[in-house]
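For reference, the chains in residue letters:
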Amino acid sequence: MAAKLDYHLSFPAVRWNGPSQAMDDDARWDTARRLLHDDTLKPEDRLAGLLLLLYAQWPAAISRLTLDHIEETDGAVRIHLGAVPVELPAPVAELALRQVAVRRSHAVLARTDSAWLFPGGQPGRPISAWAMGERLRKLGIRLAEARSTALFQLATELPAAVLARTLGIDITVAVKWQRAAAGDWAAYAAEVSRRNSS
């Protein structure tokens, strides 16, 4: 008898070596605006890119999202990245709902019975973290820099406990990000650089 795997398991990140080098904040917002408004890009790539740029999600976490991670109630669209859902702003919510609709219509048409939000090339499997990362790189997104910048920004705005619960990261990692965000980024980046070189 085959074992059934539970794809709804969550393993928050517990290791943290400090932020990688920062992405220029203007470049980050320019990229986010392009993903929000450029209809020539695939909607699923736009959504995945925004999840990285705005919510600091790694390609591995994005690739494991299912249709159940997106909920629409009382006119609000929320995504479950951690224990507490995050309400998506209207343009991102529209992309998320469009992706859910596309995935559900494929299931109805018996093209796939996959519940993955970003299905892979193999039936019943999500896109691999590597393939998701490649798609994001092709959009011009430098993954580590974009995620560090997003986490740094979020850590300046949210308490560590909220950051951990909403993004699905370990509380100790969230606390370290908040400490890093409380200081000067340039000084902190210099310290990280010294640590990495020694």
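It should be noted that the structure appears before, not after, this text.
Let us look at the structure shown here. (Residues numbered from 1 in each chain as written. Predicted model: local features only at pLDDT ≥ 70, side-chain atom pairs only at ≥ 80, totals over all residues. Heavy atoms only, no water.)

### Focus: helix α5 (residues 129-138)
Item 1. For α5, the full list of buried residues reads M132, G133 and L136. Buried residues of α5, seen end-on, are gathered within an arc of 100° and therefore sit on one face of the element. Pointing more than 90 degrees away from the buried face of α5 are the exposed residues W130 and K138.
Item 2. Tucked inside the fold, the buried residues of α5 contact α2 (43-55), α3 (59-63) and α6 (143-157).
Item 3. Of the residues trailing α5, G140 is marked for its positive phi of about 90°. (Buried < 20%, exposed > 50% of the residue type's maximum accessible area, 1.4 Å probe, protein only. Helix = DSSP H or I, 4+ residues; strand = E, 2+ residues; numbered from the N terminus. Arc of directions from axis to C-beta. Contact = heavy atoms within 4.5 Å.)

### Some thoughts on the sheet that holds strand β1 (residues 70-73)
Item 1. Read from one edge to the other, the open sheet built from 3 strands follows the order β1-β2-β3, with strand pairing classed as antiparallel. Edge positions in the sheet fall to β1 and β3 (86-87), since each of these pairs with one other strand and no more.
Item 2. Taken together, the 4 bridges between β1 and strand β2 (residues 76-79) define a ladder with antiparallel strand orientation. Along β2, the bridge assignment pairs I70 with I79. (Pairing = 2+ DSSP bridges.)

### Re helix α8 (residues 171-182)
Item 1. Counted at 1.5 Å a residue, the expected span for α8 with its 12 residues is 16 Å, and the 16 Å between its end C-alpha atoms agrees.
Item 2. Turning to α8, its buried residues number three or more, namely V173, A174, W177, A180 and A181. Buried residues of α8, seen end-on, are gathered within an arc of 120° and therefore sit on one face of the element. Those residues of α8 that are exposed and angled more than 90 degrees off the buried face are R179 and A182. (Expected span 1.5 Å × (residues − 1).)

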